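Spelled out from the first residue to the last, the chains are:
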Amino acid sequence: MSTPTIPTRAAASVDRTIRLITTGAAAGSACSPDLAKGPWEFDAGPAGYGPGSSMGDVIPTGSPRQGALPEAYRTASDEELHARIRAAKATLGDRVLVLGHFYQRDEVIEHADFTGDSFQLANAAKRRPDAEAIVFCGVHFMAETADLLSGPEQAVILPNLAAGCSMADMADESSVEEAWEQLEEVYGDLSTPGPDGRVPVIPVTYMNSSAALKGFVGRHGGIVCTSSNAKTVLEWAFERGERVLFFPDQHLGRNTAKAMGVPLEQMPMWNPRKPLGGNSADELADARVILWHGFCSVHRRFTVDQIAAARAAHPDVQVIVHPECPMPVVDAADASGSTDFIVKAIQAAPAGSTFAIGTEINLVQRLAAEHPEHTIFCLDPVVCPCSTMYRIHPGYLAWVLEELVAGRVVNRIQVADEVADPARLALERMLAAKPPAAAPAPAAAGATRAA
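Summarised in this report is the structure supplied together with it. (Residues numbered from 1 in each chain as written. Predicted model: local features only at pLDDT ≥ 70, side-chain atom pairs only at ≥ 80, totals over all residues. Heavy atoms only, no water.)

As a further point, take the sheet that holds strand β5 (residues 155-157). Strands pair in a sheet through their backbones, by hydrogen bonds, and they do so in one of two ways: parallel or antiparallel. The sheet built from four strands is open, its strands ordered β3-β2-β4-β5 with parallel pairing. Bordering the open sheet on either side are β3 (114-116) and β5, each of which pairs with just one other strand. Taken pair by pair, the neighbouring strands of this sheet meet at an average axis angle of 20°, ignoring direction. Bridge count between strand β2 (residues 96-101) and strand β4 (residues 133-137): five bridges; the pairing is parallel. Bridge pairing in β4 links Leu99 to Phe136. Running over the sheet, helix α18 (residues 394-405) touches β2, β4 and β5 and is turned about 175° from β4. (Pairing = 2+ DSSP bridges. Helix = DSSP H or I, 4+ residues; strand = E, 2+ residues; numbered from the N terminus. Axes fitted to C-alpha atoms, helices over the stretch in contact; angles between N-to-C directions. Contact = heavy atoms within 4.5 Å.)

Turning our eyes to something else, we now look at helix α14 (residues 304-313). For α14, every residue scored as buried is listed here: Gln306, Ile307 and Ala310. Projection of α14 onto a plane perpendicular to its axis shows the buried side chains occupying an angular sector of 100°, all on one side. α14 presents Asp305 and Ala312 as exposed residues on the side facing more than 90 degrees away from its buried surface. On its buried face, α14 sits against β11 (318-321), α15 (327-332), β13 (354-358) and β14 (375-378). (Buried < 20%, exposed > 50% of the residue type's maximum accessible area, 1.4 Å probe, protein only. Arc of directions from axis to C-beta.)

Another aspect to go through is the state of the cysteines. Counted according to the given criterion, the structure contains one disulfide. In this model, Cys31 is linked to Cys384 through a disulfide, with the two sulfur atoms separated by 2.2 Å. Disulfide Cys31-Cys384: the torsion about the S-S bond is 80°, which places it as right-handed. In this pair, Cys31 is assigned in the loop between β1 (29-30) and α3 (71-75) and Cys384 in the loop between β15 (382-383) and α18, connecting sequence segments 353 residues apart. Cys386 provides the cysteine sulfur closest to Cys296, a residue in no disulfide bond, and the two sulfurs are 6.7 Å apart. (Disulfide = S-S within 2.5 Å.)

Glancing now at the pairing of β13. The element β13 is largely enclosed, with a buried count of five among its five residues. Residues Thr354, Ala356 and Gly358 of β13 are buried on one face, and the alternating residues Phe355 and Ile357, pointing to the opposite face, are buried as well. As paired strands, β11 and β13 are joined by four bridges and run parallel to one another. Directly across from Gln318, in β13, lies its bridge partner Phe355.

Before going further, it helps to examine empty space enclosed by the protein. A full pass over the atoms with the stated rule returns four cavities of 30 Å³ or more. Approximately 320 Å³ is the volume found for the largest cavity. Lining the largest cavity we find 29 residues, and of these His101, Tyr103, Met142, Asn208 and Glu324 sit closest to its centre. Elements supplying a minimum of two residues to the lining of the largest cavity: α6 (118-126), α7 (140-149) and α8 (166-169). For the second largest cavity, the calculated volume is near 70 Å³. Around the second largest cavity, the lining residues are Val298, Arg301, Phe302, Thr359, Glu360, Ile361, Cys378, Asp380, Val382, Val383 and Cys384. (1 Å grid on protein atoms, 1.4 Å probe; cavity = no way out; pocket = protein on both sides within 12 Å on 5 of 7 lines; lining within 4 Å. Points joined across faces, edges and corners; volume = space filled by probe spheres on them.)

Attention now goes to the sheet that holds β14. Sheet architecture is open: four strands sit in the order β12-β11-β13-β14, paired in parallel fashion. Since the sheet does not close on itself, it has two edges, and those belong to β12 (335-336) and β14, each with one partner. Here helix α17 (residues 361-370) sits on the sheet and contacts β13 and β14; the angle it forms with β14, its principal contact strand, is near 165°.

Turning our attention to α17. Counting buried residues along α17, eight of its 10 residues qualify, which places the element largely inside the surrounding structure. For α17, the full list of buried residues reads Ile361, Asn362, Leu363, Val364, Gln365, Arg366, Leu367 and Ala369. Two to three positions downstream of the cap, the backbone nitrogen of Asn362 sits 2.6 Å from a side-chain oxygen, assigning the N-cap of α17 to Glu360. (Polar contact = N/O pair within 3.5 Å; in protein donor to acceptor, adjacent residues only side chain to side chain.)

Turning our eyes to something else, we now look at unusual backbone geometry. Following Phe247, the chain continues to Pro248 via a peptide bond in cis, the omega torsion being -5°. Note that Pro248 resides in the loop between β8 (241-247) and α12 (250-259). Phi angles above zero are rare outside glycine, and Leu276 is one such case at about 50°. Following the sequence through the fold, Leu276 ends up in the loop between β9 (269-270) and α13 (281-285). Look at Asn411: it is not a glycine, yet its phi comes out positive at around 55°.

With that out of the way, let us pick up the environment of Val298. Mapped onto the elements, Val298 comes out in the loop between β10 (289-292) and α14. Residue Val298 is classed as buried on the basis of its relative accessible area of 6%. Once the C-alpha coordinates of Val298 and Ser166 are considered, the two residues, 132 residues apart in sequence, prove to be 10.0 Å apart. If sequence neighbours within four positions are ignored, Val298 has contacts with Ser53, Thr359, Glu360 and Cys386.

Let us look at a negative patch on the surface. On the surface, a cluster of negative charge is contributed by Glu178, Glu181, Glu184, Glu185 and Asp189. Along the polypeptide, Glu184 turns up in helix α9 (residues 173-187). (Patch = residues over 30% accessible without salt bridge, like charges linked within 9 Å, V, L, I, M, F, W, Y side chains within 5 Å. Areas by Shrake-Rupley, 256 points an atom, 1.4 Å probe, with all protein chains shown as cover. Salt bridge = Lys/Arg side-chain N within 4 Å of Asp/Glu carboxyl O. Lys, Arg positive; Asp, Glu negative; His and termini not counted. Charge placed at Lys NZ, Arg CZ, Asp CG, Glu CD.)

Right, let's talk about the layout of surface pockets for a bit. Space inside the second largest pocket adds up to approximately 430 Å³. Broken down by secondary-structure element, the contributors of at least two residues to the lining of the second largest pocket are α7, α8 and α10 (211-219). When residues of the lining of the second largest pocket are assigned to their parent elements, the largest contribution, three residues, is made by α7. Class assignment of the residues belonging to the lining of the second largest pocket gives a composition of 15 nonpolar, five polar and four charged. (Nonpolar A, V, L, I, M, F, W, Y, C, P; charged D, E, K, R; others polar.)

Okay, structure coming up:
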């Protein structure tokens, strides 16, 4: 008797997997049993990112909190919520655009008009000036970016205001301003070019940062980067500055600069809690890239031991990881690249390929369900989704959509003009820094590994 096939949508559902694990109906482990609860159970509790990969990270005081979700959405069945979402979208038609990040739970992606990474989704918002409302199923900094790139009359909505980002929170505007002042003490006026026409420091912020930090780099001659164009952005920055202050993710900065030939000893870490970031003036004088002490808790979970275990179990495996992973993990992998790079590598691979992927579990499990011709699994055997992406649930999506049907806009994300203008300048510089076409990941085991 053949084993019954699980429908693609069900197989892609991390939520379903977690429920099966926590009830003992399936083998495996999750990093927290609280993942099986509705995210609204954490809205009124102590401030925190919620269960998942960032649950141990310290949330800044004053971080956005989500008010109580009406009971009708908390108690509705999955089937009822999906029906209400579909009905609301049908009523609103082209007036609403629903965007879903790759890392969203599949029950939300099911209703997205566009799916992609933060940069792709921001561009999708920009291409739909006819939409009165943009519902961004992602995290706070992504909704801010959509607001920066969309029209002033368009409302950008984040279904759950508690969907922040612990990495983005690791670099705040006051800490970066203070670092900038200390760097001026070391290098002199940071706006004055030297004999070669370059200024002492160019600030570069990753897309995964607040609008305030995008505004900071815009005011100081800097630029925003994505995981797809980080190399191109660093080349742009080195043409204009002797060195780069890169924040908030140390790993993307280190991995990118190392691949460009920058020695590790010329990439000091800046700890905002220490004078001069914990460095000497001589160390900073020799620096090419000053790395902020920030990281992604999702990608920090991946290890070299996990890669070794994957290779032992699957000799023909291709290991692809995100460049937010620690350097030893990127070095041990066959390839590294953005979420879009990972998706395209799997799409281009010959049938029968085996992949171990080092990125967020919702994307990995969805790719495995959508590509049954391959064997695809997550490097981390413990199911541990992004804490903040997981704060978005169909209940919140149904609520904000039905509020729009009733003529009410809730959870609107708006960036103040004094921040928005320089932030847009930094984003425009990023948009102009187009990377060369990315090559697909190795098509066979044993191919040269890429850093």
